[in-house]
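Summary of structural features
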Amino acid sequence: MNMQHSNWIDVGALEDIPKLGARLVKTPRGCLALFRTDADEVFALDDKCPHKGGPLSQGIVHGKSVTCPLHNWVISLETGAACGADEGTTATHKVRIEAGRLLLDATSLAPSSAR
Amino acid sequence: MQKQRLVVVGNGMAPGRALERLFEAAPDAYDVTIFNAEPRVNYDRIMLSPVLSGEKTFEEIVIHGDGWYIDHGVTLYKGHKITAIDRAARTVTSEHGVVAPYDKLIIATGSVPTIIPVPGHKLAGVLTYRDLDDVDAMLLAAKGRGRAVVIGGGLLGLEAAAGLKQQGMDVTVLHLMPTLMERQLDPNAGYLLQKAVQARGIDVITRANTKEIVGTDPALGPPRVKAVRLDDGTEIEASIVVMAAGIRPNAALAKDAGLTINRGIVVTPDMRTSDPDIFALGECAEASNQVFGLVAPLYEMANVVAAQLAGTSDAAFSPSATATKLKVTGINLFSAGDFAEAPDREEIVLRDAARNVYKRLVLKDDKLLGVVMYGDTSDGAWFFDLLKRQADVSELRETLIFGQSYAGGAPLDPMAAVAALPDEAEICGCNGICKGRIVSAIKDKGLSSLDDVRAHTKASASCGSCTGLVEQVMKLTLGDAYNPAAVQPMCGCTGHGHDDVRRLIVAKELKSIPAVLQELEWSTSNGCAKCRPALNYYLLATWPLDYRDDSQSRFINERVHANIQKDGTFSVVPRMWGGLTTANELRAIADVVDKFRIPTVKVTGGQRIDMLGVKKDDLPAVWADLNKAGMVSGAAYAKGLRTVKTCVGSDWCRFGTQDSTGLGVKLEKHLWGSWTPAKVKLAVSGCPRNCAEATCKDVGIICVDSGYEIHIGGAAGLDIKGTEVLGHSTTQEETVEIVAAIVQLYREQGRYLERIYKWMKRVGLDSIRAQALDDTEKRAALVARFALSQQSAQVDPWRERTEGKEAHEFRPLADLTRLEAAE
């Protein structure tokens, strides 16, 4: 069940995402991946690697990065940018934790006109 | 001329050597009187350990027998401890009241063991390890068997522990630091040493902080040692405790006499104390702000004292590098010089895990600075000589680590062939990178490490099989500036190579990924996508019963038991044992394909059926239907057993010599489940015509009239390689057993992602044959360890997931599409 807090949408509990893991949120704009780090930070990114569109949610999470399962690009969870010598950026979205619940910024979820 | 009177306080090895030299240089210059607190002649203290272990007697380690003292007119007072020096009167007084006048005095009072002042340190049964009396006390205690606890894992402590063990005691060594002999050895050699010590049945506890020595109940008679308690509460029963936590100079007598004291008795380079007529010599002396415990510098001191006494006033002591050897039979250990890491130092490392050999040379400015060797120390003297002479080793560098026998030999030149390649020659086939691109990336971007080249060009970043070539291109481009480490670290998170990590997981009993990252000092907080899956495998393979698989450290395919495809969908491959299937199975597959609208169905190279394009959310339902028809996961995604390809063999084929299909099924049923370093593919051919193509598999069986030829180490992927013949077996049961032993050996030795042919190239076919085939005892042990792992591994992961395991993997956290649409 999803509840709305102003423009923040409750998408689930922090505990629903495994540590160093990810879960998907389906939106009209495509899938978002919500990542949880070892330190219980949560980041939301488009579930698309800037390289060849690989599903980042299926990658291995380490530190504040995820390694794409298709060709091992490492993407920063904070910025969405490819690390190291690779170039490209995945869109990030605002997410915050309140009382153990995950709140996603709804404004970025509206269908994009540029799509 | 009246002889001068020389009095020596102490009768250890250093004054013994000084007197020898003095009698050579000036035989008649002095009347010599020695006071020895010990009631005996001069003996080789270094050889006390063999006396303790029973390998030598005291008589064998005497340096100067009673006759020597008589021959040189030396008066030796045995069992006389000097209690006072009267510098004004120039006399010394012994505890028994003997007063001896001197013109020159040598103080050689040695050192006293450090007693850790924990509660109970004065209990009966707490011993030290300095002299023959200590050895006698230990030998007496050893007669009562029981357990000895040795506090201190340095040179002395380990020698004491080995000796006591040999005398029949149970022994535990407690060491405060993380690795043994950390002053003489680097951590890598320290761990090898710990393993070897433990292999002798000696328990070793590192980071052990002794809190208390517990005594027996005083009501039951005079209390004596009962146990040692550590600060973490661990209690180890003990019938004796040996304190071997270090020594300090014995300078009390000199201090009372008003001589300058720091840590030891301070001497100038001519070995004279603050009183020019008094020399200090040996472990009690402090020269150049250092005190010494190894014999080589002490003998150098002795030479200086003798020369000074003989009138050579410019003789001076300057401490030089020292070498250490451990005197425990069967453990070869050598260290010399300074082997700490520093930015301006380089190192050359050679490791041979199978032989437990480790050699490390530390160099600076083309000169040898430090040497650590474990396992093979035969070149210790040669290295030590190069080190002491500060010889320029640039000429020898290519082969330096291999020792003296290789020195000066011309190294082979594998570079010439790479140098001759044109710029457009492809180096990395996976990513289509040619030589020219690598060269220009190195030059334009100033790359100097393999990782950099991988990051920028992607060369050798996929399968890695061209790594050697890429490194040669780097060497050609960068010249001497390129200096690959002899040990390839696992990844950028650590300096440890795969073999070290595996060894340390065992040695330090590390049982979780965080424990490994912490204990082995990973530079990242939770590793990376390269090291975590490797660590997960190593832990699983090492601790099959204790370790819980960490699904977040698995590549997606192994996490969800299906193969990810380029569009994020998955492929599903059920097992078809030995390539056999039935109408029922095929019908179930057809139904699943219809029901879930699976777009592509394909027959694989491993004789089974692949359903491609399954949505992740559908996976559990697809598996449930396949399970119902009796099919289980084919592990087509796993670093584990994939397929056992077979031909129809003697059941149908007119050439078949044996039931190859049946053997294939047996092998697959026996081997599926456990994880391996990389994927494992088998095949069984019913005759040498080899229709199952067994000779390019990891393990292949060729049936012949007389039984089964077992082949190993084939490849038909990135590399093409025919198998080699491991051996022959006569029954299917024996064949299955040998293959299980091979797989287990590979599980224990293989590096993560290292296929069997590469592992075989590294450890050698002979070594595999010896353990998995020839030595039936070892083979049986391997088979047993494999069976242990299979206990928890032969569970169908599909069934577990249809029953709800890891359900979160297959469901989105939230579906906002409908919500938005409703707005």
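Residues numbered from 1 in each chain as written. Chains lettered and ligands numbered in written order. Predicted model: local features only at pLDDT ≥ 70, side-chain atom pairs only at ≥ 80, totals over all residues. Heavy atoms only, no water.

**Let's talk about the overall build of chain A**
Helix and strand content of chain A: zero helices and eleven strands. Taken from N to C terminus, the helices and strands of chain A fall in the order β-β-β-β-β-β-β-β-β-β-β. In chain A, which comprises 115 residues, the share counted as buried stands at 50%. A separation of at least 24 residues holds for 41% of the contacts in chain A among residues at least 6 apart in sequence. Of the roughly 5,000 Å² that chain A leaves accessible, carbon and sulfur atoms contribute 49%. (Helix = DSSP H or I, 4+ residues; strand = E, 2+ residues; numbered from the N terminus. Buried < 20%, exposed > 50% of the residue type's maximum accessible area, 1.4 Å probe, protein only. Contact = heavy atoms within 4.5 Å. Areas by Shrake-Rupley, 256 points an atom, 1.4 Å probe, with all protein chains shown as cover.)

**Digging into the overall build of chain B**
The number of helices and strands found in chain B is 28 helices and 42 strands. Across the 823 residues of chain B, 51% fall into the buried class. In chain B, the proportion of contacts linking residues at least 24 apart, taken out of those at least 6 apart, comes to 61%. Of the roughly 35,900 Å² of accessible surface on chain B, a fraction of 50% belongs to carbon and sulfur atoms.

**Digging into the pattern of salt bridges**
All names here are of chain B. Per the stated rule, a full pass over the model turns up 52 salt bridges over all chains. Among the salt bridges present, the one from Arg 87 reaches Asp 275, with a minimum N-O distance of 3.0 Å. Of the two residues, Arg 87 is situated in the loop between β6 (82-86) and β7 (91-94) and Asp 275 in the loop between β20 (265-267) and β21 (278-280); the sequence distance between them amounts to 188 residues. With its nearest N and O atoms 2.9 Å apart, the salt bridge here joins Asp 625 to Lys 595. One end of the pair, Asp 625, is in helix α20 (residues 619-628); the other, Lys 595, is in helix α19 (residues 583-595), with 30 residues separating them in the sequence. (Salt bridge = Lys/Arg side-chain N within 4 Å of Asp/Glu carboxyl O.)

**Focus on the side chain of Arg 36 of chain A**
As for its position among the elements, Arg 36 of chain A is in strand β4 (residues 30-36). When residues no more than four places from it in sequence are discounted, the contact partners of Arg 36 of chain A are Leu 14, Glu 15, Ile 17, Pro 18, Lys 19, Leu 20, Gly 21, Glu 41, Val 42 and Val 61 of chain A.

**Comments concerning the environment of Met 301 of chain B**
Residue and element names in this part refer to chain B. Examined against the element boundaries, Met 301 turns out to sit in helix α9 (residues 295-309). Sequence separation between Met 301 and Ala 287 is 14 residues; the distance between their C-alpha atoms is 9.4 Å. Ignoring sequence-local partners within four residues, the contact set of Met 301 consists of Met 271, Leu 281, Gly 282, Ala 285, Phe 292 and Phe 317.

**Remarks on unusual backbone geometry**
Glycine aside, residues mostly have negative phi, and peptide bonds are mostly found in the trans state. Residues and elements named next belong to chain B. Unusually for a residue other than glycine, Lys 458 sits at a positive phi of about 70 degrees. Summarising the element assignment, Lys 458 is placed in the loop between α13 (450-457) and α14 (467-478). Here the phi dihedral of Leu 753 falls at roughly 75 degrees; this positive angle occurs in a residue that is not glycine. By the element assignment, Leu 753 lies in the loop between α23 (732-749) and α24 (756-763).

**Let's talk about the interface of chain B and chain A**
The parts lose accessible area when they come together, and the size of an interface is often stated as this lost area. On the side of chain A, 37 residues touch chain B, which itself brings 34 residues to the contact. Both faces combined, the contact of chain B with chain A buries some 2,700 Å², and carbon together with sulfur accounts for 60% of it. By the criterion of area lost to chain A, the three top residues of chain B are Gln 552, Leu 813 and Leu 816 of chain B, representing 24% of everything that side buries. The tally of links between chain B and chain A comes to two salt bridges. Of the charged contacts in the structure, one is a salt bridge between Lys 26 of chain A and Asp 617 of chain B, with a shortest N-O distance of 3.4 Å. Our count for the contact surface shared by chain B and chain A stands at 15 residue pairs in polar contact (both at pLDDT 80 or more). (Buried area = accessible area lost by both parts, 1.4 Å probe. Polar contact = N/O pair within 3.5 Å; in protein donor to acceptor, adjacent residues only side chain to side chain.)

**With respect to the confidence of the model for chain B**
All names here are of chain B. Summarising the model, chain B shows a mean pLDDT of 89, and 95% of its residues fall at 70 or more. With pLDDT under 50 throughout, residues 408-412 is counted as low confidence; its partners more than four residues away or in other chains account for four contacts. The ipTM assigned to the predicted complex is 0.84, against a pTM of 0.52. (pLDDT = per-residue confidence, 0-100.)

**A closer look at the pairing of strand β27 (residues 357-364) of chain B**
All names here are of chain B. Most of β27 is tucked away, with seven of its eight residues classed as buried. Here seven bridges tie strand β26 (residues 346-352) to β27, and the two strands are oriented antiparallel to one another. Bridge pairing in β27 links Arg 351 to Tyr 358. Once β27 ends, the chain turns through two residues before running back antiparallel as strand β28 (residues 367-374), passing Asp 365 with a positive phi of about 50 degrees. (Pairing = 2+ DSSP bridges.)

**Let's talk about the nonpolar core**
If you look at the biggest cluster of nonpolar residues, it comprises 55 residues, and the most contacted ones within it are Leu 6, Leu 19, Val 32, Val 92, Leu 105, Ile 106 and Met 271 of chain B. Setting aside residues no more than four positions away along its own chain, Val 92 of chain B makes contact with Val 7, Phe 35, Ile 82, Ala 84, Ile 85, Val 98, Val 99, Ala 100, Tyr 102 and Leu 105 of chain B. (Core = buried A, V, L, I, M, F, W, Y, C linked by side-chain atoms within 4.5 Å.)

**Focus: the packing of helix α15 (residues 498-507) of chain B against helix α17 (residues 531-542) of chain B**
All names here are of chain B. Running from amino to carboxyl end, α15 crosses α17 at an angle of 40 degrees, the nearest separation of the two axes being 10 Å. With respect to α17, the element α15 is oriented oblique. For α15 against α17, the interelement crossing comes out right-handed. In this structure, α15 contributes His 498, Val 501, Arg 502, Ile 505 and Val 506 to the contact, and α17 contributes Ala 534, Leu 535, Tyr 537, Tyr 538, Leu 539, Ala 541 and Thr 542. (Axes fitted to C-alpha atoms, helices over the stretch in contact; angles between N-to-C directions. Parallel < 35°, antiparallel > 145°, perpendicular 65-115°, else oblique. Left-handed = near helix turned anticlockwise from the far one by under 90°.)

**Quick word on α14 of chain B**
With twelve residues, α14 of chain B should reach 16 Å at 1.5 Å per residue; the first-to-last C-alpha distance of 16 Å fits that figure. Looking one or two residues past α14 of chain B, Gly 479 of chain B carries a phi angle of roughly 65 degrees, positive in sign. (Expected span 1.5 Å × (residues − 1).)

**A short note on α13 of chain B**
Residue and element names in this part refer to chain B. Regarding α13, the residues found buried are Leu 450, Val 453, Arg 454 and Thr 457. An end-on view of α13 places all buried positions within 100 degrees of arc, on one side of the element. Turning to α13, the residues buried within the fold contact β30 (433-434), α12 (435-445) and α14. Downstream of α13 by one or two residues, Lys 458 has phi in the positive range, about 70 degrees. (Arc of directions from axis to C-beta.)

**A closer look at the packing of aromatic side chains**
Residue and element names in this part refer to chain B. According to the stated counting rule, one finds twelve aromatic pairs over all chains in the structure shown. Seen in terms of ring centroids, Phe 35 and Tyr 77 are 4.7 Å apart; in terms of plane orientation they differ by 5 degrees. Their pairing is stacked. Here Phe 35, found in strand β2 (residues 30-36), pairs with Tyr 77, found in strand β5 (residues 75-78); they are 42 residues apart in sequence, far enough to count as distant. A relative accessible area of 1% places Phe 35 in the buried class. (Phe/Tyr/Trp six-rings, centres within 6.5 Å; stacked < 30°, edge-to-face > 60°.)

**Let's talk about empty space enclosed by the protein**
As enumerated under the stated definition, the model contains five cavities of 30 Å³ or more in all. Of the pockets and cavities examined, the largest cavity occupies roughly 130 Å³. Lining the largest cavity are 14 residues, and of these Leu 24 and Gln 58 of chain A together with Lys 616, Glu 809 and Arg 811 of chain B lie nearest its centre. A total of four residues in the lining of the largest cavity trace back to one element, the largest contributor, which is strand β3 (residues 21-27) of chain A. Looking at side-chain class alone, the lining of the largest cavity contains four nonpolar, three polar and seven charged residues. (1 Å grid on protein atoms, 1.4 Å probe; cavity = no way out; pocket = protein on both sides within 12 Å on 5 of 7 lines; lining within 4 Å. Points joined across faces, edges and corners; volume = space filled by probe spheres on them. Nonpolar A, V, L, I, M, F, W, Y, C, P; charged D, E, K, R; others polar.)

**With respect to a negative patch on the surface**
A surface patch of like charges, here negative, comprises Asp 365, Asp 366, Asp 392 and Glu 395 of chain B. Inspection of the secondary structure assignment puts Asp 392 of chain B in the loop between α10 (380-389) and α11 (415-419). (Patch = residues over 30% accessible without salt bridge, like charges linked within 9 Å, V, L, I, M, F, W, Y side chains within 5 Å. Lys, Arg positive; Asp, Glu negative; His and termini not counted. Charge placed at Lys NZ, Arg CZ, Asp CG, Glu CD.)

**What to know about the sheet that holds β26 of chain B**
All names here are of chain B. Spatial ordering of the open sheet is given by β24-β25-β28-β27-β26, a layout of five strands whose pairing is antiparallel. Each of the sheet's edge strands pairs with one partner strand only, and the pair in question is β24 (323-325) and β26. Ignoring which end each strand starts from, the neighbouring axes of this sheet average 15 degrees apart.

**Re the sheet that holds strand β17 (residues 235-237) of chain B**
Residue and element names in this part refer to chain B. Judged by pairing direction, the sheet is antiparallel, and its three strands sit side by side in the order β15-β16-β17 without closing on themselves. Edge positions in the sheet fall to β15 (210-215) and β17, since each of these pairs with one other strand and no more. Mean inter-strand twist for the sheet, computed between neighbouring axes without regard to direction, equals 25 degrees. As paired strands, β15 and strand β16 (residues 225-230) are joined by five bridges and run antiparallel to one another. Each residue of the ladder has a partner; that of Gly 215, found in β16, is Val 225.

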